Amino acid sequence: MLNNQKICAIVPAAGIGSRMKSDRPKQYMKINGMTVLEHTVMRLLNHSDIDHIVIAINEHDPYFSTLSLNRDPRISVVNGGKERSDSVLCALKYLQTALNYDWVMVHDAARPCLQGDDIDKLITAARSHSVGAILATPVRDTMKRGNGLQHNVIDHTVSRENLWHALTPQMFPLKSLIKNLTLTWERGDVITDEASCFEANNLMPMLVHGRADNIKITQPEDLALAAFHLNLSDKKER
């Protein structure tokens, strides 16, 4: 693959974030005076190899129009869908018809602590692999499988050997991602990230060891942790 091929990022941001128990989706909650979504998008735009971002928002989103992101010429907005994969597919179809990109990098709206060196590693790995690549971290804790019953007792311990936490961004050739995501959508397969659609079609992306502080905000207490990592990052950059 040519290293000068352009990269566009997709940020699915149509979720409602019900686990946060807030008056607004988690991507619009604030850390240090900026929304989580603004932190996330600026981390991507600050990288020299990413020159455009497509954000998929809820059709009835009342928040995005109030942000400065809405006026940034480097950002396009599309209506997302009910599931993450629906939102990503909407963004991909827009990219296919409106813009000319060879590569796409999909990143969670609620991961505002992404570091530039992780983006560098992901780009290098994805361009060298036949399928693409994702950021991930090896599982370090002892993993238990519950029995699924009401009291949820332990069924057994799961070996953590070769077990990874999948992170984002995840980066793939645009045409390949559209093809594989469409195939899984047509079959009704349940997928939780972009790598899953390749796995469902017997294609195996590369795992790229990413930073553990690339956390996803899902619970209220995650906001304080994200603020800590962002403040630490800002101090290092000064």
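Keep in mind the model is a prediction, meaning the values are calculated, not measured. (Residues numbered from 1 in each chain as written. Predicted model: local features only at pLDDT ≥ 70, side-chain atom pairs only at ≥ 80, totals over all residues. Heavy atoms only, no water.)

Trainee: Could you give an account of the packing of helix 2 (residues 84-98) against helix 4 (residues 174-187), naming the residues involved and the relevant values?
Mentor: The description of two packed helices rests on the angle between their axes and on the distance between the axes. Viewed as axis vectors pointing N to C, helix 2 and helix 4 meet at an angle of 140°, and their least axial separation amounts to 10 Å. In terms of orientation, helix 2 lies oblique with respect to helix 4. Seen along the crossing, helix 2 lies across helix 4 with a hand that is left-handed. Contacts between helix 2 and helix 4 involve Ser85, Asp86, Val88, Leu89, Leu92, Leu95 and Gln96 from the former and Leu174, Leu177, Ile178, Leu181, Thr182 and Trp185 from the latter. Among the residues forming the contact of helix 2 with helix 4, the class breakdown is nine nonpolar, three polar and one charged. (Axes fitted to C-alpha atoms, helices over the stretch in contact; angles between N-to-C directions. Helix = DSSP H or I, 4+ residues; strand = E, 2+ residues; numbered from the N terminus. Parallel < 35°, antiparallel > 145°, perpendicular 65-115°, else oblique. Left-handed = near helix turned anticlockwise from the far one by under 90°. Contact = heavy atoms within 4.5 Å. Nonpolar A, V, L, I, M, F, W, Y, C, P; charged D, E, K, R; others polar.)

Trainee: So what's going on with the nonpolar core? Residues and values would help.
Mentor: Core analysis: the largest hydrophobic core is formed by 31 residues, its most contacted members being Leu37, Leu44, Ile53, Ile55, Phe64 and Met105. Only strand 1 (7-13), helix 1 (36-45), strand 4 (50-57), strand 6 (103-106), helix 3 (116-128), strand 7 (133-138) and strand 10 (164-173) provide two or more residues apiece to this core. Setting aside residues up to four positions removed in sequence, phenylalanine 64 forms contacts with Tyr28, Leu37, Ile55, Ile57, Leu69, Asn70, Ile75 and Val77. The next biggest cluster of nonpolar side chains, apart from the first, holds 24 residues, and it includes Val106, Leu174, Ile178 and Ala195. (Core = buried A, V, L, I, M, F, W, Y, C linked by side-chain atoms within 4.5 Å. Buried < 20%, exposed > 50% of the residue type's maximum accessible area, 1.4 Å probe, protein only.)

Trainee: Which residues make up the sheet that holds strand 7, and what are the values?
Mentor: Taken in spatial order, the seven strands line up as 5-4-1-6-10-7-11 in an open sheet, and their pairing is mixed. Bordering the open sheet on either side are strand 5 (75-79) and strand 11 (206-209), each of which pairs with just one other strand. The sheet shows a mean angle of 30° between the axes of neighbouring strands, direction not considered. In this fold helix 1 packs onto strand 1, strand 4, strand 5 and strand 6, with an angle of close to 155° to the strand it touches most, strand 4. Sheet strands touched by helix 2: strand 1, strand 4, strand 5, strand 6 and strand 10. Its angle to strand 1, the strand with the most contacts, is close to 145°. (Pairing = 2+ DSSP bridges.)

Trainee: Provide a residue-level description of the pattern of salt bridges, including the pertinent values.
Mentor: Counted under the stated rule, the structure contains nine salt bridges. Notably, a salt bridge pairs arginine 211 with aspartate 117, separated by 3.9 Å at the nearest N-O pair. Of this pair, arginine 211 sits in the loop between strand 11 and helix 6 (222-237) while aspartate 117 sits in helix 3; the two residues are 94 residues apart in sequence, bridging distant segments of the chain. Owing to a relative accessible area of 28%, arginine 211 belongs among the partly exposed residues under this scheme. (Salt bridge = Lys/Arg side-chain N within 4 Å of Asp/Glu carboxyl O.)

Trainee: I'd love a proper account of the pairing of strand 10, names of residues and values included.
Mentor: Summarising burial for strand 10: seven of the ten residues are buried, a large majority. In this sheet, strand 10 lies alongside strand 6 in antiparallel orientation, the contact comprising four bridges. Residue pairing across strands places methionine 105 opposite methionine 171, the latter belonging to strand 10. Sheet topology note: the strand 7/strand 10 ladder contains five bridges and is antiparallel. Bridge pairing in strand 10 links alanine 133 to methionine 171.

Trainee: Requested: an account of the side chain of asparagine 201, with residues and values cited.
Mentor: Inspection of the secondary structure puts asparagine 201 in the loop between helix 5 (194-199) and strand 11. Take asparagine 201: its relative accessible area is 18%, and that puts it in the buried class. A distance of 2.9 Å separates the side chain of asparagine 201 from the side chain of arginine 187, its partner in a polar contact. A distance of 3.0 Å separates the side chain of asparagine 201 from the backbone oxygen of cysteine 197, its partner in a polar contact. Apart from the residues within four sequence positions on either side, asparagine 201 is in contact with Asn180, Leu183, Thr184 and Arg187. (Polar contact = N/O pair within 3.5 Å; in protein donor to acceptor, adjacent residues only side chain to side chain.)

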